[in-house]
Amino acid sequence: MQPRRVVITGVGLCSPIGSSLDEVMTSLRQGRHGIQVMPAWERIVDLRTKLGGVVTLDLAGRYPRKKTRSMGRVSLLATYATEQAIADAGLDAALVSSGAVGLAYGSTTGSSDAMEEFCGTLFTSYSLRGLSGSSYLKMMSNTCAANLGQFFQLRGRVITTCSACTSGSQAIGYAYESVKYGLQEVMVAGGAEELHFASAATFDLMFATSAGFNDRPDLSPRPFDVRRDGLVIGEGAGTVVLESYERARARGARIYGEIVGFGTNCDGAHVTAPEEAGMAEAMRLALRDAGLDPGAIDYVNAHGTATEIGDIAESSATRRVFEREVPFSSSKSFTGHTLGACGALELIFCAGMIRDGFLAPTRNLEAVDPRCAALDYIRAPRPASPSLIMSNNFAFGGVNTSLILGKIAEAGAPMIVGV
Amino acid sequence: MTRDEIYRHIVDILADTFELDRAEISAESKLFEELDLDSIDAVDLFVEIHALTGRRIEAEVARKVRTVEDVVALVESELAKAASA
C-alpha cells in the first residue's frame, strides 16, 4: 500500500495564552503572555521558582460526574481540548465510536493532586482508609488516554505516549504514522499537563527553573536570552485530528496543514542533559521522512525552554542541520513549559501561523546568549507566508522529536508532492 | 445513631458523593438501576461507610446491597458490631 498523506482537520486546545486557536493567535501576535505569580507555592519549603503558566478556563461542572470522576485536572484539560478538536474537525459521533478513529495521547504523569490523595495516605499511614476508588485512575500514567477513550467512546487503537516533554509531539508523530501506513482511518492525538508544584519542584531541584524574576512574571521565561535563568512550568492541552488527505478532501473538511515528516530518536546518553547530536539527528530524520532539504524549511519552532544547557544544545543542533540562519523562535516564552502538552500546543500554534501568515517571536529575547548558535532569532511578530514549518521537542530520557508541517494550497492543490 | 439518623447520613453521602438530587433518593431507591451508581461508585460508597462505621465491609456482604435501605441496615449492623467489639 502507498503511504497516505496525512492532514490536520481539527484542532483544540487550552493554554495559558488562550483556549481557542483565535485567542492564542491574538496572544502570539500581541505579545500577551500567560505567566503568573503562584502565591500558593510560597508554602513549599525551598521551592525557588514562584511562576507558573496557568489555564484560566473554568471547567467545573462542564461535564457529567460519571464521565469525569476518574479525571484529574490533566485529563479534564485533555478532554476540553479534544472536545474542541473533534467538533472543529466535524467528526460525527457515529464515526468517532465506529472503530475507525484511534487515539494517541500523553502527559508526563497522571494528576499530581490525585497522587497526593492516593500516595499521601498510603505511603505515610500505610492504610487504605479513606482512599477513593478513582484516585488511581486519575494518577496513572495513561490517565489522559484512558479517560478520553471512555469519554468520547473511541474504539480504535490507543497509543499512550508518556515521554515527558515529548509526550504531545510523539503522540502526534505516532498518530501520523498510524494514518500514513493505513493502520487507522482517523487519529485523535495530543498531549496535556496540569500545573502543580510537584512538577515545578522536579525542575527546581535540578536548578532548571527560573527564580530570578519571581516578582516580574512578564520577564520570564527568556529562551536564548543572555539573562535567562531557567524554565517556568505551565499547563494546558492540545489535540489535533489527523486523517488522510484523500479522506479530508472527499468530505470537504477544512485542512489546517499536512504533516509531511516526523522523526524521533533517543540520545542514548544522559538521562537529563540534552545531546546536540541526537537533536540534530531527529531533525534529519524528519526531513528525510518528508523528502525535504533543510533549505525548504521556512521556520523552526524551537523547544526553547530557557535552560542554559538546553538552549545552547538546541540552537547548535539547529544550526548544524540548517547551516544557515533559519527563522527560529520559542513559544514557551508565552506559555511557559507545558511539559506533556507543549509538543501538541506548539504544533497547533504553527498551524495557526500558517493560517494567519505570521511568525510568532520569542518574548523577552533582548540579547541572544553568545554561546547560542547563529540563527535568525525572531524577536517581534513577523509577517510571513510559511509553507513548511519544523516543530521540535526534546525530553528527559534523551527522547527527541521533530515534526514538519506543510501548508495546503487554497485550491486544494498540495504544496508538497510527497515521497 | 438512630436508624433515622443513619438514613439521613446515607442520603447526604449519596447526594454529596454522586451529585444526586436528595428528592430522588428514598429508602426503596435501587442504587444501581435507579440512582445509576456502578462498580466504581460502589467502591467509593463503601469507603464512606468504612469512615462512618470504622469497619471494613467484606466483599460478599457489599455485593448483597441493592437499595438505600440495604445500606442503612448494613451500617446499623456494622455500628452495632463496632459497639460490641
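Residues numbered from 1 in each chain as written. Chains lettered and ligands numbered in written order. Predicted model: local features only at pLDDT ≥ 70, side-chain atom pairs only at ≥ 80, totals over all residues. Heavy atoms only, no water.

A.B. asks: Even after reading the chapter, I still don't get the packing of aromatic side chains, so can you show me in this structure?
C.D. replies: By convention here, two paired aromatic rings are described through the distance between centres and the angle between planes. Residue and element names in this part refer to chain A. Enumeration according to the criterion identifies eight aromatic pairs over all chains in this entry. Between Phe224 and Tyr377, the ring centres sit 5.6 Å apart and the planes meet at 55°, which makes this aromatic pair tilted. Here the residue Phe224 occupies a position in the loop between α9 (197–205) and β7 (233–234), and Tyr377 occupies one in strand β13 (residues 376–377), the gap between them amounting to 153 residues. Site record: aromatic cluster; members linked through ring pairs are Tyr63, Phe151 and Phe152. Directly above the ring of Tyr245 sits Arg5, whose terminal nitrogen or CZ lies 4.1 Å from the centroid. (Phe/Tyr/Trp six-rings, centres within 6.5 Å; stacked < 30°, edge-to-face > 60°. Helix = DSSP H or I, 4+ residues; strand = E, 2+ residues; numbered from the N terminus. Lys NZ or Arg CZ within 6 Å of the ring centre and 35° of its normal.)

A.B. asks: How do you make sense of the sheet that holds strand β16 (residues 399–406) of chain A when you look at a structure like this?
C.D. replies: In a beta sheet, neighbouring strands are held together by backbone hydrogen bonds and run either parallel or antiparallel to one another. All names here are of chain A. On the basis of which strands lie adjacent, the open sheet formed by 11 strands has the order β5-β4-β6-β8-β1-β9-β16-β15-β10-β11-β13 and mixed pairing. This sheet does not close on itself; its edge strands, each paired only once, are β5 (158–160) and β13. As paired strands, strand β4 (residues 101–106) and strand β6 (residues 186–193) are joined by six bridges and run parallel to one another. In the strand pairing of β6, Gly106 is matched with Gly191. Running over the sheet, helix α7 (residues 143–152) touches β4, β5 and β6 and is turned about 150° from β4. (Pairing = 2+ DSSP bridges. Contact = heavy atoms within 4.5 Å. Axes fitted to C-alpha atoms, helices over the stretch in contact; angles between N-to-C directions.)

A.B. asks: Is there a simple way to explain the sheet that holds strand β3 (residues 51–53) of chain A in this structure?
C.D. replies: Residue and element names in this part refer to chain A. A sheet is described by the order of its strands in space; here three strands give the open sequence β2-β3-β7, paired in mixed fashion. A strand with exactly one partner marks an edge of an open sheet, and here the two such strands are β2 (35–37) and β7. Where β2 lies against β3, three bridges are found, and the strand directions are antiparallel. When the sheet's bridge partners are listed, Gln36 is paired in β3 with Gly52.

A.B. asks: How should the packing of helix α1 (residues 3–18) of chain B against helix α4 (residues 68–84) of chain B be read in this particular structure?
C.D. replies: Each pair of packed helices gets described by two things: the angle between the helix axes and the distance between those axes. Residues and elements named next belong to chain B. Packing of α1 against α4 brings their axes to within 9 Å, and their N-to-C directions diverge by 120°. The orientation of α1 relative to α4 falls into the category oblique. Like other packed secondary-structure pairs, α1 and α4 cross with a definite hand, here right-handed. Between α1 and α4, the residues in contact are Arg3, Ile6, Tyr7, Ile10 and Leu14 and Val68, Glu69, Val71, Val72, Ala73, Val75, Glu76 and Leu79, respectively. (Parallel < 35°, antiparallel > 145°, perpendicular 65-115°, else oblique. Left-handed = near helix turned anticlockwise from the far one by under 90°.)

A.B. asks: Any chance you could explain the environment of A:Val158 here in plain terms?
C.D. replies: Residue and element names in this part refer to chain A. Mapped onto the secondary structure, Val158 falls in strand β5. Along the backbone, Val158 and Val101 are 57 residues apart, and their C-alpha atoms lie at a distance of 9.6 Å. Other than its neighbours up to four places away in sequence, Val158 contacts Leu103 and Ala145.

A.B. asks: What is the right way to look at the pattern of salt bridges in this model?
C.D. replies: When the charged atoms of two side chains with opposite charge come close together, those side chains can pair. Residues and elements named next belong to chain A. Taken as a whole, this structure holds 36 salt bridges over all chains when the rule is applied. Two residues, Arg73 and Glu235, come together in a salt bridge whose shortest N-O distance is 2.8 Å. One end of the pair, Arg73, is in helix α3 (residues 73–89); the other, Glu235, is in the loop between β7 and β8 (236–244), with 162 residues separating them in the sequence. Each member of the salt-bridge network shares a partner with another, and the members are Arg4, Glu185, Glu243, Arg247 and Arg251. (Salt bridge = Lys/Arg side-chain N within 4 Å of Asp/Glu carboxyl O.)

A.B. asks: Got a minute to help me understand the side chain of A:Asn400 in this structure?
C.D. replies: Residue and element names in this part refer to chain A. Note on placement: Asn400 falls in strand β16. Judged by its relative accessible area of 2%, Asn400 is buried. Among the polar contacts listed, one links the side chain of Asn400 to the side chain of Asn265, at a separation of 3.0 Å. Once you skip the residues sitting within four places of it in the chain, Asn400 turns out to touch Gly263, Thr264, Asn265, Cys266, Asp267, Gly278, Met279, Ala282, Asn393 and Phe394. (Buried < 20%, exposed > 50% of the residue type's maximum accessible area, 1.4 Å probe, protein only. Polar contact = N/O pair within 3.5 Å; in protein donor to acceptor, adjacent residues only side chain to side chain.)

Interpretation in functional terms is not warranted from these geometric data alone.
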